[in-house]
Amino acid sequence: MQTATIDFAAARRAMLDSQLRTSGVNEGFVLDRMGAVAREDFVPEGARATAYIDRAIPLGNGRRLAAPLYYGMLLAEAKPTAADRALVVESGAGYLAELLRPLVGMLEIVTPEDASGTSRRKGDFTLLAVDGAVEHLPPALVKRMAEDGRVVTGLAVNGVTRLAIGRRSGNDIAFLPLAEIGIPRLGEFDKPKGWTF
């Protein structure tokens, strides 16, 4: 039995036209990057045929690649420049880092597990992009940001995920939630459970 050959270039164009543009993501640099990066190369072999659907794709180990709209909106809000020193918290696929790589001056990647660890590089990242939704950012990760550094992430509040932007001010990030959108959660960034009255 012969399987049909998938035209991934056509699938990418359809993603741009039917998912990004129709949702208001029309920035040229976003469409260029998402049209150039082969999303099918960042999912398991068995999921390649569905790489461009408007849903998250399981990667294994409890991780998922978010729907294309999340990455389009994240890039548009991040407004990366060649002057940016970017830190990417990756969910395991490498897709977000590949989208950002040529748009920034320097890029470093950390896993969610390593994001709260110490690093020799402190206080100099101007852009933090998180590939998933978080309830909070650990203080060690915040300290890696430059004062007034930008953050673009998913923010999980009471089970609802939203795209959010933020800025470092002192030892904290002030977040502004923007749009409710389905974003895979990163459990490493859940707030510790406690009693409430």
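Structure: see above.
Attention in this report is confined to the structure presented alongside it. (Residues numbered from 1 in each chain as written. Predicted model: local features only at pLDDT ≥ 70, side-chain atom pairs only at ≥ 80, totals over all residues. Heavy atoms only, no water.)

Looking at the overall build of the protein chain
In plain terms, the rule: A run of H or I in DSSP becomes a helix once it reaches four residues, and a run of E becomes a strand once it reaches two; helices and strands are each numbered from the N terminus. C-alpha atoms define the radius of gyration in this analysis, and the globule rule sets the expected value at 2.2 Å times the number of residues to the power 0.38. The classification of residues rests on relative accessible area computed with a 1.4 Å probe and restricted to protein chains. Under 20% of the type maximum is buried, over 50% is exposed, and intermediate values are partly exposed. Only the protein chains shown count as cover for residues, and all accessible areas are computed by the Shrake-Rupley method using a 1.4 Å probe. Residues scored as positive are Lys and Arg, those scored as negative are Asp and Glu, and His as well as the terminal groups of each chain are ignored. Lys charges are placed at NZ, Arg charges at CZ, Asp charges at CG and Glu charges at CD.
In terms of regular secondary structure, the protein chain is built from five helices and eight strands. Whereas a compact globule of 197 residues would reach a radius of gyration of roughly 16 Å, the protein chain reaches 17 Å, a difference of no more than 12%. Taken over the C-alpha atoms alone, the protein chain extends approximately 55 × 40 × 30 Å along its principal axes. Among the 197 residues that make up the protein chain, the fraction classed as buried is 47%. When the accessible surface of the protein chain is summed, it comes to about 10000 Å², and 52% of that surface belongs to carbon and sulfur atoms. The averaged location of the 24 negative side-chain charges in the protein chain is 3 Å from the averaged location of its 24 positive side-chain charges.

Topic: the sheet that holds strand β3 (residues 85-89)
The following threshold applies: Any two strands are treated as partners once DSSP identifies two or more bridges connecting them. Fitted lines through C-alpha atoms serve as axes, helices being fitted only where they are in contact, and the angles separating the N-to-C directions of these axes extend from 0 to 180 degrees. Whether two residues are in contact is decided by their heavy atoms: any pair within 4.5 Å suffices.
Taken in spatial order, the six strands line up as β4-β3-β5-β6-β7-β8 in an open sheet, and their pairing is mixed. Across the chains shown, the open sheet's two edge strands, defined by having one partner strand only, are β4 (106-110) and β8 (172-180). Each neighbouring strand pair of the sheet contributes to a mean axis angle of 20°, computed without reference to strand direction. Pairing of strand β6 (residues 145-157) with strand β7 (residues 160-169), which is carried by eight bridges, proceeds in the antiparallel orientation. Note on β7: the bridge partner recorded for Val152 is Ile165. Set on the sheet, helix α3 (residues 68-78) makes contact with β5 (125-134), β6, β7 and β8; between it and β5 the angle comes to about 155°.

Things to note about helix α2 (residues 28-36)
What counts, and what does not: The arc refers to the directions leading from the helix axis to the C-beta atoms.
Listing the buried residues of α2 in full gives Val30, Leu31, Arg33 and Met34. The arc that holds the buried residues of α2, viewed along the axis, is 165°, so those residues lie on one side. Residues of α2 that are exposed and angled more than 90 degrees away from the buried face: Asp32 and Ala36. On its buried face, α2 sits against α1 (8-20), α3 and α4 (95-100).

Let's talk about the packing of α1 against α2
Our working definition: Crossing handedness is defined as follows: a turn of the near helix away from the far one that is anticlockwise and smaller than a right angle gives a left-handed crossing, while the clockwise case is right-handed.
Interaxial distance between α1 and α2 falls to 9 Å at its minimum, and their mutual angle equals 145°. In the crossing of α1 with α2, the sense of the turn from one axis to the other is right-handed. Across from Arg12, Met15, Leu16 and Leu20 in α1, the residues of α2 making contact are Leu31, Met34 and Gly35.

Things to note about the side chain of Thr161
Put simply, the rule is: Residues adjacent in sequence count toward polar contacts only when both atoms are side-chain atoms; beyond that, a polar contact is any pair of N or O atoms within 3.5 Å, and within protein one must be able to donate a hydrogen and the other to accept it.
Within the element layout of this structure, Thr161 appears in strand β7. At a separation of 2.6 Å, a polar atom in the side chain of Thr161 contacts the main-chain carbonyl oxygen of Ile181. Of note is the side chain of Thr161, whose polar atom sits 3.2 Å from the backbone nitrogen of Ile183. For Thr161, the contacting residues outside a window of four places in its chain are Ala133, Leu155, Ala156, Ala179, Glu180, Ile181, Gly182, Ile183 and Arg185.

Note that every value here comes from positions in space, so none of it alone points to a role or purpose.
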